[in-house]
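# Coordinate analysis (summary)
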Amino acid sequence: MTIPSLVRAELARLTATPLARLAFIALMCVPLLYGGAYLWANRDPYAKLDQIPAAIVDQDAGATLDGEHVDYGKDVAKQAIDGGAFDWKRTTAADARSGVRNGTYDFVVTIPHDFSESLASAQSDDPKRAELVMTTADTNSYLASTIAEQAGKTMRTAVAERVGKEAASTLLVGLADVRDSLGDAVDGAGKLASGATTAANGADSLEAGTAKLSSGASTLASSTAALPSQTATLNSGAQQVATGAASLATGLRSAQQQTAALPEQTQQLAQGAAKVAAGNAELARRVDAANTTVQAIQPLDTKTVIADITANLPEGVTLTPEQQQALTATVDSAVQRANSSGADAKQQLGATTAKIDQLSSGAQQVSDGATTLANAAPQLSSGIATAASGASTLSDGAAQVAGGTQKLAAAAPQLSSGASQLATGAASADQGATSLAKGLHSLESGSSELASQLDKGRTKIPASDASQRAQQAKVISDPVKVGDDNVAAAANYGAGLAPFFISLAAWIGMYALFLILKPISKRAITAVRRPLRVVFGGWLTPALLGVVQMAALFLIVRYALDLDVVHAGGTVGIMILASATFAAIIMTLNVLLGSVGQFLGLVLMLIQLVTAGGTFPWQTLPGPLAALHFALPMTYSVDAIRQTMYGGSLATAWSDAGVLLCWLLGALLVSYLVTVRQTRTRTLRDLRPSLIG
């Protein structure tokens, strides 16, 4: 038997009956359903994030910044909703929390009431960090919670960029103002230096003049020291007497003028006070009468009121027990409130009556005092007039005495004192002029240095206009831009998973086929006795079926799911090579171990499912599994399909293909060696029927 005849015989066996054909077609479709359905479901989930229900709760109360009201929370919520990244809904805190628990919302973003206040505090002496509260529930979806965390980071970045831009704008405007102010300061310092030079020259001249003045004043002071000190004492006393007498006369004249009309005014005061006392007495009498009347009012009785209401009901109307009970409760409550209000009114009226009685008594006392004052006012006015006349005479005499002593004192004590003070002042002026000259020279050099340093400082602050400052603030708030330079990019999430699930589909397809395929023909072993031909015949059948599976799967991936493939030919070639390699491995397990080998094919698939690095990087695997990453064939099929599908390194793809080819040849070699043994001898296990078929 030739290899083609072995292939035809096996295919004829698979399609011998309608049921066999149905089973064959179903198993051929397994990898297409697995790979196609999974990649269809996960083609581009990130494009549909706007369908994920999310809630936003804005509790921000706003804040005042630079005299203006700001509401960052409202802006954040509006930006999120307008962005449409998720299916946002504004809601309350209670609805949001219950919505997360029952699955109405996948996550909730809460903006606290002090959000704007915390952001605005960055420009105060007590800055606080603002907070966005993210509420999630992994019971809805763990990935939804992970996506929510990324959404929170995105919102945080947007807020930080805006606040940073505002803060940077304020800082840059302040620096521009400082630069302008430094320019004014430089001009002022220059003028100060010029003025200091002029002042220093004048101080030198002043120093020479004050030296001469000090010498002359010292000579004058020594000449006038012998004048009698008694003249100064006499003049001092006379001046005090004259001053006191003048003040007394002035005060009494003023008192006389102010009290001239006092008798008439006090009489009017007494009459007015009497009227006020009479009015207050009448008021007290009337309030006492009203209080007596109010205190006599008795509290209401609930039963009496209900009886009156019942008696006044229309004829034929009778209240039910429930209505009577409701009426009693209502009337009782109203009566209690009325009695309580009446008691409070009685108490307040009693207190008011007592105060009015006190007012009436006090008004009468004021009236009596005003009458006494009116009777004494004429006598007081006459006495003040007599005292004013005498004080005027005393003032005139004291002024004449003071004039004489003043002339006497002017001749000696004032001259001596003035000369001494002049000498002391001149000496101090001489010392001050010397210090002034030194200080002005220091000021001259210091102001020149100040002008120079201020100008240097001003030049270190770059000049900018409003548009430049706006651009600078934008860069400061967001200084780093991450560029996307992907040398081999997958178009979407589905394309990212495609290499892994294509490889899995290839393995599952081969595993399913070997449920109905015979690894090798035992008849051919017995009849032909050519192991190499038997092995290739047994392997070629699933390999050719694998070509059909991989070609169909590629058409689904490329055209039905519209996933981009850079190197279509290379991708199809790797898929076929992987399928053929997996066919050789599963066949070898079946040839070597029979039904146990078929089961080990399933176990090996599960191991490769976690070690191939199809989803997360293989470096995240536990140590033992990471060690298997480079030892198993699916690792290389996944990597090779990535390289050809995304436009990566073709050299790496060829290297991966070489590893797969080694696995293929190694598996066929093992199958060949086992077949060689079976052509010579048979074991009891070889004769036992397979559990699978």
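Right above here is the structure, for reference.
## Considerations on the overall build of the protein chain
A tally of regular secondary structure across the protein chain gives 21 helices and six strands. Taken across its 693 residues, the protein chain has 34% of its residues classed as buried. Accessible surface, the protein chain: about 39400 Å² in total, of which carbon and sulfur atoms supply 61%.

## A short note on unusual backbone geometry
In the Ramachandran plot, D562 falls in the positive-phi region, its phi being about 60 degrees despite a non-glycine side chain. With respect to the helices, strands and loops of the structure, D562 is situated in the loop between helix 15 (531-560) and helix 16 (568-593).

## A closer look at the packing of helix 19 (residues 633-646) against helix 20 (residues 650-680)
It is the contact of helix 19 with helix 20, at a shortest axis distance of 8 Å, that shows an interaxial angle of 150 degrees. What the angle tells us is that helix 19 and helix 20 run roughly antiparallel. The hand of the helix 19/helix 20 crossing is left-handed. Mapping the contact onto sequence places P633, Y636, S637, D639, A640, Q643 and T644 in helix 19 and T652, A653, D656, V659, L660 and W663 in helix 20. Residue composition of the contact of helix 19 with helix 20, grouped by class: seven nonpolar, four polar and two charged.

## Observations regarding the pattern of salt bridges
For the structure shown, the criterion picks out seven salt bridges. Residue E10 is joined to R13 by a salt bridge in which the shortest nitrogen-to-oxygen separation is 2.6 Å. Here R13 and E10 lie together in helix 1 (residues 3-14), a separation of three residues that amounts to about one turn. For E10, a relative accessible area of 12% puts it in the buried group. Judged by relative accessible area, R13 falls into the partly exposed class, the value being 33%. A salt bridge links D562 to R558; the shortest N-O distance between them is 3.6 Å. Taking relative accessible area as the criterion, D562 reaches 45% and is therefore assigned partly exposed. Residue classification places R558 among the partly exposed residues on the basis of a relative accessible area of 23%.

## Focus: the sheet that holds strand 1 (residues 53-58)
One open sheet holds the four strands; their spatial order is 4-1-5-6, and the pairing between them is mixed. If you trace the sheet from one side to the other, it starts and ends with strand 4 (87-90) and strand 6 (133-136), each paired once. On average, each strand axis in the sheet is inclined to that of its neighbour by 25 degrees, with strand direction left out of account. Sheet topology note: the strand 5 (residues 107-111)/strand 6 ladder contains four bridges and is antiparallel.

## Topic: the nonpolar core
Counting residues in each nonpolar core, the largest one holds 66 residues, and the members touching the most others are W507, L513, W539, L553 and M645. For this core, the secondary-structure elements that each account for two or more residues are helix 2 (18-41), helix 13 (493-513), helix 15, helix 16, helix 17 (595-611), helix 19 and helix 20. A total of 15 residues in this core trace back to one element, the largest contributor, which is helix 13. Dropping the residues within four chain positions of it, M645 is found in contact with A495, A498, P499, V557, L563, D564, V565, V566 and T571. If you look at the next biggest cluster of nonpolar residues, it comprises 24 residues, including L49, F107, I111 and I147.

## Observations regarding the pairing of strand 1
Here strand 1 runs beside strand 4; their pairing, made up of four bridges, is parallel. Directly across from I56, in strand 4, lies its bridge partner R90.

## A word on helix 2
An ideal rise of 1.5 Å per residue puts 34 Å on 24 residues; helix 2 measures up with 33 Å between its terminal C-alpha atoms. If you look at helix 2, its biggest bend is around 35 degrees, right at C29, and the proline P31 turns up within four residues after that. Those residues of helix 2 that fall on the buried side of the exposure criterion are F24, L27, M28, P31, L32, G35, G36 and L39. Looking at the buried side of helix 2, the elements it contacts are helix 1, helix 13 and helix 15.

## Things to note about a nonpolar patch on the surface
On the surface, L592, L593, V596, F599, L600, L602, L606, L609, V610 and V670 cluster together into a nonpolar patch covering about 770 Å² of accessible area. Mapped onto the nonpolar patch, the elements with two or more residues apiece are helix 16 and helix 17. For the nonpolar patch, the element with the most residues is helix 17, which contributes seven residues. Positionally, L602 belongs in helix 17.

## Considerations on the environment of Y38
Mapping Y38 onto the fold places it in helix 2. In this structure the C-alpha to C-alpha distance between Y38 and G494, which are 456 residues apart in sequence, comes to 8.8 Å. Not counting residues within four places of it along the chain, the set of residues in contact with Y38 comprises L33, L497 and F501.

## Focus: the environment of V331
Relative to the assigned elements, V331 resides in helix 10 (residues 321-410). Classification of V331 as buried rests on a relative accessible area of 9%. When the C-alpha atoms of V331 and K303 are compared, they prove to be 9.0 Å apart, with 28 residues separating the residues in sequence.

## As for the packing of helix 2 against helix 15
Between helix 2 and helix 15, the shortest axis-to-axis distance is 10 Å and the interhelical angle comes to 30 degrees. When the axes of helix 2 and helix 15 are compared, the pair comes out roughly parallel. Helix-helix and strand crossings are classified by hand; for helix 2 and helix 15 the assignment is right-handed. Here F24, L27, M28, P31, L32, G35, G36 and L39 of helix 2 lie close against helix 15, whose contacting residues are L545, V548, Q549, A552, L553, I556 and V557.

## Brief notes about helix 19
In an α-helix, one full turn covers 3.6 residues, which means residues spaced three or four apart are oriented alike. Here helix 19 spans 20 Å end to end across 14 residues, near enough to the 20 Å set by a 1.5 Å rise per residue. Across the 14 residues that make up helix 19, a large majority, twelve, are buried. Taken as a whole, helix 19 has its buried residues at P633, M634, T635, Y636, S637, V638, A640, I641, Q643, T644, M645 and Y646. Buried residues belonging to helix 19 abut helix 13, helix 15, helix 16, helix 17, helix 18 (623-629) and helix 20. In the segment just after helix 19, G647 is the residue with positive phi, at about 80 degrees.

## Comments concerning the packing of aromatic side chains
Within the structure shown, the criterion is met by nine aromatic pairs. Seen from their ring centres, Y38 and F501 are 4.0 Å apart, and the 25 degrees between their planes marks the pair as stacked. Within this pair, whereas Y38 is found in helix 2, its partner F501 is found in helix 13, the two being separated by 463 residues in sequence. Taking relative accessible area as the criterion, F501 reaches 6% and is therefore assigned buried. Ring geometry for F86 versus F107: centroids 5.1 Å apart, planes at 90 degrees, classification edge-to-face. Residue F86 is located in the loop between helix 3 (72-83) and strand 4, and its partner F107 is located in strand 5; the two are separated by 21 residues in the primary sequence. With respect to burial, F86 and F107 carry one shared label: buried. Every member of this aromatic cluster is reached through a ring pair, and the members are Y34, Y38, F500 and F501. Just above the ring of Y559 sits the side chain of R558; from NZ or CZ to the centre is 5.3 Å.

Rules of the game
Residues numbered from 1 in each chain as written. Predicted model: local features only at pLDDT ≥ 70, side-chain atom pairs only at ≥ 80, totals over all residues. Heavy atoms only, no water. Helix = DSSP H or I, 4+ residues; strand = E, 2+ residues; numbered from the N terminus. Buried < 20%, exposed > 50% of the residue type's maximum accessible area, 1.4 Å probe, protein only. Areas by Shrake-Rupley, 256 points an atom, 1.4 Å probe, with all protein chains shown as cover. Axes fitted to C-alpha atoms, helices over the stretch in contact; angles between N-to-C directions. Parallel < 35°, antiparallel > 145°, perpendicular 65-115°, else oblique. Left-handed = near helix turned anticlockwise from the far one by under 90°. Contact = heavy atoms within 4.5 Å. Nonpolar A, V, L, I, M, F, W, Y, C, P; charged D, E, K, R; others polar. Salt bridge = Lys/Arg side-chain N within 4 Å of Asp/Glu carboxyl O. Pairing = 2+ DSSP bridges. Core = buried A, V, L, I, M, F, W, Y, C linked by side-chain atoms within 4.5 Å. Expected span 1.5 Å × (residues − 1). Bend = angle between axes of the 7 residues up to and from the residue. Patch = residues over 30% accessible without salt bridge, like charges linked within 9 Å, V, L, I, M, F, W, Y side chains within 5 Å. Phe/Tyr/Trp six-rings, centres within 6.5 Å; stacked < 30°, edge-to-face > 60°. Lys NZ or Arg CZ within 6 Å of the ring centre and 35° of its normal.

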